[in-house]
Amino acid sequence: MNKYIVTLLIALTCLLTACGYRDYIYRNVADVSGQAVSGGGTEMNSHSAAGGGDTAISGSVVHSSDNVTADMQTADYWIGKTVSPDKILMTPTEIAEYNKLLMTRLSPATEYYDLLNYGETIDKASLDKLIRREHDPSKTYFIGEAEIAEESWDAYRESCDLESLDNLNPVEYGIVCSRADVRVLPTTDNITNDWGDTGHDVMQSTALAVNEPVLVLHRSLDEKWLFVIANEHAGWVLQDKVGLCPDKERWLDAQKIKDFIVVTGDEVTVRTISADTPSEPLLFTMGTKLALAEKSEYSAAIGNRNILDNYIVKVPVREQNGQLGYQYAVVPLGKDVSHGFLDYTRGNVIRQAFKLLGNPYGWGGMNGGRDCSSMTRDIYLCFGFRLPRDASVQAKIPGRGRISLKDLSERERTAKLRSMQPGTILQMPGHVMIYLGCQDRRYYVISANGTFIPDHDTASPASGSKNYQTRLVTVNDLEVRSPSNGKTWKEQLAVIVGIP
């Protein structure tokens with residue numbers, strides 16, 4: 001750009017700042033010149049952050065983290081701090097290629113499985129290693145307030161039926177038919193390592209959404225549980241959650257969903273259709289992909305009814321014989337769904353994240369909730385990404401925007417933060433979050449988190465600082481601290497996970 005034009009624009013920016021046009025000027029200078037303006041790092045909004053924890057929204061008092069105002073609790077506030085928020089960052093084709101790259105880079109070194117190229121059998125030693133999960137004998141575990149005796153652990157191990165493993169075990173194929181908890185052992189018992197704390201079940205690994213493909217490797221002694229491998233985890237699921245395919249070809253066909261809708265809301269409830277009356281509602285969570293049915297498929301199911309202003313989708317079900325079947329459901333156009341994947345833009349990442357604000361935290365997806373990594377995974381599913389499930393593995397995903405913050409000085413880390421655009425994933429040990437932007441030299445994120453010490457509490461954990469348990473999806477700045485070590489989240493940041 002001509003240097004005289006740039007000088008003129010800078011002078012115009014200074015003149016119009018007091019009139020509230022600074023955001024507009026910064027965004028348009030970036031668009032004209034093609035250069036990035038320190039997106040989230042540049043303080044482009046004239047609102048000042050509050051020091052208190054209570055903010056008012058629509059006339060009612062809503063609690064918030066320190067330094068978070070009511071407008072900061074909206075997606076539009078942070079989208080307004082984003083350079084070119086509606087610019088498409090990757091096309092669907094590029095995202096599909098990126099998913100292949102993820103599989104190449106992450107499997108088999110991490111728990112990220114290449115199901116399509118898995119063998120037709122698995123040997124006894126390998127399967128035993130996958131299934132066998134020993135508890136730490138040095139720790140005490142509880143069910144509610146009752147300590148678990150060693151006899152109970154023996155019963156859990158027996159239920160895995162490892163004695164029945166053959167030298168070679170056949171691989172079966174299945175499709176998840178309703179949201180399924182993946183368990184470390186075949187039990188629904190809520191087992192914790194903290195007396196009375198039922199919100200952190202050490203048996204919970206993750207939760208699988210409808211239409212997820214799985215490989216079935218084994219059954220529990222009572223045959224109520226299946227040991228499965230999904231793309232991002234292995235563990236036990238209740239058998240009534242999975243419809244089995246007679247062979248691999250049928251399983252592959254079930255995954256060929258060409259025309260589809262994606263659930264883009266937190267969750268969507270729909271009803272199946274028949275020639276008579278609608279059935280009980282079905283619940284689908286963010287990122288779930290549902291195949292659109294062709295008229296020739298569902299005409300018999302709806303009889304003489306004329307269904308208007310609805311998508312008609314095929315929903316997988318487990319038939320009485322355990323096999324995969326389908327029923328048809330109507331999804332009103334007014335539901336929060338998208339015909340095809342959403343465009344991958346920074347603005348859409350932020351919009352999706354704020355649809356989850358205030359939701360309960362769910363370790364491993366327990367109780368229908370989300371933890372930090374399942375939140376980012378579900379958001380990115382809406383664009384077609386297949387991110388790994390665990391926070392530690394998400395930190396390893398490749399990308400041109402990936403930046404390691406290890407061994408950087410405070411000044412260097414701050415410079416990296418200031419250069420980031422809102423919508424970028426950040427990772428620190430044990431936690432991932434989505435960056436929102438900078439205001440008054442504070443850096444803000446949204447994430448599903450379990451606990452943190454707020455900025456106003458200056459006591460150290462060693463001195464008995466109160467543990468502020470949140471277990472919610474919250475907006476907060478990076479000055480909050482971890483109770484385990486007293487360090488701020490900003491100090492602990494390890495990786496900027498930029499995609500692409």
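Enquirer: Mind laying out the overall build of the chain, listing which residues take part and the relevant values?
Expert: Helix and strand content of the chain: 13 helices and 27 strands. Burial status across the chain gives 49% buried among its 500 residues. On the chain, roughly 23,700 Å² of surface is accessible, and the fraction owed to carbon and sulfur atoms is 50%.

Enquirer: I'd like to hear about the packing of helix H9 (residues 346–354) against helix H10 (residues 372–381), residue by residue, with values.
Expert: H10 packs onto H9 with a crossing angle of 130 degrees between their chain directions and a minimal axis gap of 10 Å. Classified by the angle between their axes, H9 and H10 sit oblique to one another. Here H9 and H10 pass one another in a crossing that is right-handed. Residues Val349, Gln352 and Ala353 of H9 touch H10, and the partners they reach there are Met375, Ile379 and Tyr380. Partitioned by chemical class, the residues of the contact of H9 with H10 number five nonpolar, one polar and no charged.

Enquirer: Explain the packing of aromatic side chains to me, and be specific about the residues and the numbers.
Expert: Taken as a whole and assessed by the stated rule, the structure comprises 14 aromatic pairs. Relative to tryptophan 78, the ring of tyrosine 77 has its centre 4.7 Å away and its plane inclined at 85 degrees; by these criteria the two rings are edge-to-face. For the pair tyrosine 77 and tryptophan 78, one class covers both residues: buried. Aromatic pair tyrosine 173 and tryptophan 251: ring centres 5.1 Å apart, planes at 40 degrees, arrangement tilted. In this pair, tyrosine 173 sits in strand S7 (residues 172–176) while tryptophan 251 sits in helix H7 (residues 248–255), placing the two residues 78 residues apart along the sequence. Judged on exposure class, the residue tyrosine 173 and its partner tryptophan 251 are both buried. Over the face of the ring belonging to tyrosine 326 we find lysine 314, whose NZ or CZ atom lies 4.8 Å from the ring centre.

Enquirer: Explain helix H12 (residues 410–419) to me, using residue names and the numbers behind them.
Expert: Listed as buried for H12 are Arg413, Thr414 and Leu417. Mapping the buried residues of H12 onto a view down its axis gives an arc of 100 degrees, with all of them on the same face. Looking at the buried side of H12, the elements it contacts are strand S23 (425–428), strand S24 (431–439), strand S25 (442–451) and helix H13 (489–492).

Enquirer: Tell me about the pattern of salt bridges, residues and numbers included.
Expert: What the rule picks out here adds up to 21 salt bridges. Measuring nitrogen to oxygen at the nearest pair gives 3.2 Å for the salt bridge that ties arginine 157 to glutamate 150. Judged by its relative accessible area of 26%, arginine 157 is partly exposed. Overall, the relative accessible area of 41% leaves glutamate 150 in the partly exposed class. A salt bridge links glutamate 212 to arginine 377; its shortest N-O distance comes to 3.4 Å. Within this pair, whereas glutamate 212 is found in the loop between strand S10 (204–208) and strand S11 (213–219), its partner arginine 377 is found in helix H10, the two being separated by 165 residues in sequence. Through salt bridges with shared partners, a single ionic network connects Glu212, Glu232, Arg377 and Arg386.

Enquirer: Describe the side chain of arginine 370, with residues and values.
Expert: Looking at where arginine 370 falls in the secondary structure, it is placed in the loop between H9 and H10. For arginine 370, a relative accessible area of 7% corresponds to the buried category. A polar contact is formed between the side chain of arginine 370 and the side chain of aspartate 266, at a distance of 2.9 Å. At 2.8 Å, the side chain of arginine 370 forms a polar contact with the side chain of aspartate 378. Residue contacts for arginine 370: discarding those within four places in its chain leaves Asp266, Thr285, Met286, Leu356, Asn359, Pro360, Tyr361, Gly362, Met375, Asp378 and Ala448.

Enquirer: Explain the state of the cysteines to me, using residue names and the numbers behind them.
Expert: Applying the stated criterion to the full structure yields zero disulfides. In this structure cysteine 245 is not part of a disulfide, and its nearest cysteine sulfur, from cysteine 177, lies 8.7 Å away.

Cut-off values and rules
By convention here, each chain's residues receive numbers from 1 onward along its written sequence. Only residues with pLDDT of at least 70 are given local features in this predicted model, and only at 80 or more are side-chain atom pairs given and counted; all residues enter the totals for whole chains, interfaces and linings. As a rule here, side-chain values cover all heavy atoms of the structure and leave hydrogens and water aside. Labels follow the DSSP assignment, with helices taken as runs of H or I lasting at least four residues and strands as runs of E lasting at least two, numbered in each case from the N terminus. To sort residues, take the accessible area from a 1.4 Å probe on protein chains only and compare it with the maximum for the residue type: under 20% means buried, over 50% means exposed, and anything in between is partly exposed. In short, Shrake-Rupley with a 1.4 Å probe defines the accessible areas, and a residue's cover is counted only from the protein chains shown. Orientation is described by lines fitted to C-alpha atoms, with helices fitted over the stretch in contact, and by angles between N-to-C directions that extend from 0 to 180 degrees. When describing relative orientation, an angle under 35 degrees is termed roughly parallel and one over 145 degrees roughly antiparallel, while 65 to 115 degrees is termed roughly perpendicular and anything else oblique. By convention, the crossing between two helices is left-handed when the near helix turns anticlockwise from the far helix through less than a right angle, and right-handed when the turn is clockwise. Contacts are assigned to residue pairs with any non-hydrogen atoms lying within 4.5 Å of each other. In the scheme used here, Gly and all other residues not listed as nonpolar or charged are polar, with Ala, Val, Leu, Ile, Met, Phe, Trp, Tyr, Cys and Pro taken as nonpolar and Asp, Glu, Lys and Arg as charged. Stacked, edge-to-face and tilted are the three classes for Phe, Tyr and Trp ring pairs, Trp counted by its six-membered ring, which pair at centre distances within 6.5 Å; planes under 30 degrees apart are stacked, over 60 edge-to-face, the rest tilted. Any Lys NZ or Arg CZ found within 6 Å of a ring centre and within 35 degrees of that ring's normal is scored as a charge over the ring. For this quantity, the arc is that covered by the directions from the helix axis to the C-beta atoms. One speaks of a salt bridge when a side-chain nitrogen belonging to Lys or Arg is within 4 Å of a carboxyl oxygen belonging to Asp or Glu. In protein, a polar contact means a hydrogen-donor-capable atom and an acceptor-capable atom, both N or O and within 3.5 Å, with residues adjacent in sequence counting only if both atoms are side-chain atoms; elsewhere, any N or O pair within 3.5 Å suffices. When the sulfur atoms of two cysteines come within 2.5 Å, that pair is taken as a disulfide.

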